[in-house]
Protein chains: 2
Amino acid sequence: MAKMGRPRTFDRQKAVMQAMHLFWEHGYEMTSLSQLKANIGGGISTPSFYAAFGSKEELFNEAVQCYLETYACVTDSLWDDEIPPRDAVELALRRSTKMQCESGHPKGCMVSLGTMSAPTPELTHVVEPLTASRSRTLQGFVRCVERAIAMGELPKKTNARSMGISFNSFLLGVSILARDGVDASDLDASITELMKLWDIAVCQPK
Amino acid sequence: MAKMGRPRTFDRQKAVMQAMHLFWEHGYEMTSLSQLKANIGGGISTPSFYAAFGSKEELFNEAVQCYLETYACVTDSLWDDEIPPRDAVELALRRSTKMQCESGHPKGCMVSLGTMSAPTPELTHVVEPLTASRSRTLQGFVRCVERAIAMGELPKKTNARSMGISFNSFLLGVSILARDGVDASDLDASITELMKLWDIAVCQPK
DNA sequence: TGACTTATAGACTACTCGATACATAAGTTC
DNA sequence: GAACTTATGTATCGAGTAGTCTATAAGTCA
């Protein structure tokens, strides 16, 4: 059974993706309704926008959800117990960095850059999914180190949280460096450096 | 000789500092004139604002200059040739991280977070001093590694740019973690981890 | 004192923000 | 066909944006 009523003149799912790119680029507050409307299906009117998405905030939530289900999956390896923990960490770093430098979408990570997306206290709840995602990624890095300790790959005295924070902080910084135009190859080479942190921890006396 | 004309009712230098804190917290675009006016000397009028500072952009420039001359000095060790290069890197990381977590001012680094401060192309020139400062800090880290290589502390085959990017990316990430409320002690411990990157490079075969 | 200089306060400009009312167009269902 | 449902276009809302105009207050200098 087909849907009733006058059909929409634009592709709603495509519109959410376009909105995601705008929010990714400029953040929540700095992306205006005019921008969003202009970039959806070659330009739509205000009532069409509200009929389709409810409000700017609701569209943002959809856009964030869309990001988390697609681009943000580059760090999924952190929760994959079938991958050796060192590989899981390295894979997350390399995949995320590669994605952040890709062309075809804004540079950097929408989740990381979302820190400055809603600077006022009233808007904290809007970016809550981004905050939660950052927290989850940090936990993912820590988890991999803990898994390596449990497996006996890393010594028991290894400080999992400190190591996790090191990897995570590096990755957060990549968003800013990618925005500043640092080459993907340079960032990838620095991951090779960073992974030595893991290797030296392996050699540490028990 | 005293200054002519009606005296200002607020401390101009203090006002620049207050503006700096606001821009630091919310970024350039997201800090409104109303906020700035309300937070200067217990509240000033619009004409007073423009008489004293010229425009929002000019005040921002002064605020950035103020930041660079004060808080941003935490990384000065990177250019101090009297400090051994490893110490210079560690000092920059620890001082900056400590500063970013201090109370009494916004969390994180104004320069790092400035990436999202002016998301539109027309505003690129406004945040240019911040962009330049980020570039300079990256060069500072690379420079320390190069200095260590020249001194024979690190092997000649060390990739200075990769190592520099690793340290710098970590430090950029600290701004986001500090905003997310990660403890200063946890960040400091992760610096201890990160510095092992240097020590393993020292042990590398020539 | 009077001329000069500077800062102040209140009112106002043109513009953009997110969001809404109302009438109409374009489909499906009966 | 008529009833129903949904999307669209025009016009508009009140609030907030950065910034300006005009008049006045408060100081220094001769």
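Thresholds, definitions, all that
Residues numbered from 1 in each chain as written. Chains lettered and ligands numbered in written order. Predicted model: local features only at pLDDT ≥ 70, side-chain atom pairs only at ≥ 80, totals over all residues. Heavy atoms only, no water. Helix = DSSP H or I, 4+ residues; strand = E, 2+ residues; numbered from the N terminus. Buried < 20%, exposed > 50% of the residue type's maximum accessible area, 1.4 Å probe, protein only. Contact = heavy atoms within 4.5 Å. Areas by Shrake-Rupley, 256 points an atom, 1.4 Å probe, with all protein chains shown as cover. Lys, Arg positive; Asp, Glu negative; His and termini not counted. Charge placed at Lys NZ, Arg CZ, Asp CG, Glu CD. Least-squares fit on C-alpha atoms with pLDDT ≥ 70 in both. Phe/Tyr/Trp six-rings, centres within 6.5 Å; stacked < 30°, edge-to-face > 60°. Lys NZ or Arg CZ within 6 Å of the ring centre and 35° of its normal. Buried area = accessible area lost by both parts, 1.4 Å probe. Salt bridge = Lys/Arg side-chain N within 4 Å of Asp/Glu carboxyl O.

Chemist: Give me the overall build of chain A: which residues, what numbers.
Modeler: For chain A, the helix and strand inventory stands at ten helices and zero strands. Each helix and strand of chain A, ordered N terminal to C terminal, gives the series α-α-α-α-α-α-α-α-α-α. Seen along its three principal axes, the alpha-carbon backbone of chain A occupies a region of about 70 × 40 × 35 Å. Here chain A, with 206 residues, has 53% of them falling under the buried criterion. A separation threshold of at least 6 residues defines the contact pool for chain A, and within that pool the share at least 24 residues apart is 68%. Only carbon and sulfur atoms are counted for the fraction: they give 53% of the accessible area of chain A, which is about 9,200 Å². Averaging the locations of the 22 positively and 24 negatively charged side chains of chain A gives two centres separated by 2 Å.

Chemist: Would you mind going over the relation of the copies chain B and chain A in detail, with residue names and values included?
Modeler: The two chain copies are related to each other by a rotation about an axis together with a translation along it. The operation relating chain B to chain A is a screw motion whose rotation component is 180°, with 0.0 Å of axial translation and a residual RMSD of 0.0 Å. The superposition operator between the copies reduces to a two-fold rotation axis. The share of interface residues of chain B whose copies in chain A are also at the interface is 100%, consistent with both copies meeting through the same surface.

Chemist: Provide a residue-level description of the packing of aromatic side chains, including the pertinent values.
Modeler: Residue and element names in this part refer to chain A. One pass over the full model with this rule turns up 22 aromatic pairs over all chains. Arranged with centres 4.9 Å apart and planes meeting at 80°, the rings of Trp24 and Tyr67 form a pair that is edge-to-face. In this pair, Trp24 is assigned in helix α1 (residues 12–26) and Tyr67 in helix α4 (residues 56–69), connecting sequence segments 43 residues apart. Comparing Trp24 with Tyr67 shows no difference in burial state: the two are buried. One Lys or Arg, Lys56, reaches over the ring of Tyr28 and ends 4.8 Å from the middle of that ring.

Chemist: Mind laying out the interface of chain B and chain A, listing which residues take part and the relevant values?
Modeler: Counting residues at the interface gives 40 residues for chain B, matched by 40 residues for chain A. Taken over both partners, the interface formed by chain B and chain A buries close to 3,700 Å², and the fraction arising from carbon and sulfur atoms is 70%. Together, Met30, Met116 and Ile176 of chain B form the three largest contributors to the area buried by chain B at its contact with chain A, with a combined 18%. Across the contact surface, chain B and chain A share four salt bridges. Among the salt bridges present, the one from Asp180 of chain B reaches Arg134 of chain A, with a minimum N-O distance of 2.7 Å.

Chemist: Account for the environment of Val111 of chain A, naming residues and giving values.
Modeler: Residue and element names in this part refer to chain A. Relative to the helices and strands, Val111 resides in helix α6 (residues 110–113). Using a relative accessible area of 5% as the deciding quantity, one classes Val111 as buried. It is 9.1 Å that separates the C-alpha atoms of Val111 and Val127, two residues lying 16 residues apart in sequence. Residue contacts for Val111: discarding those within four places in its chain leaves Tyr67, Leu68, Leu130, Ser133 and Arg134.

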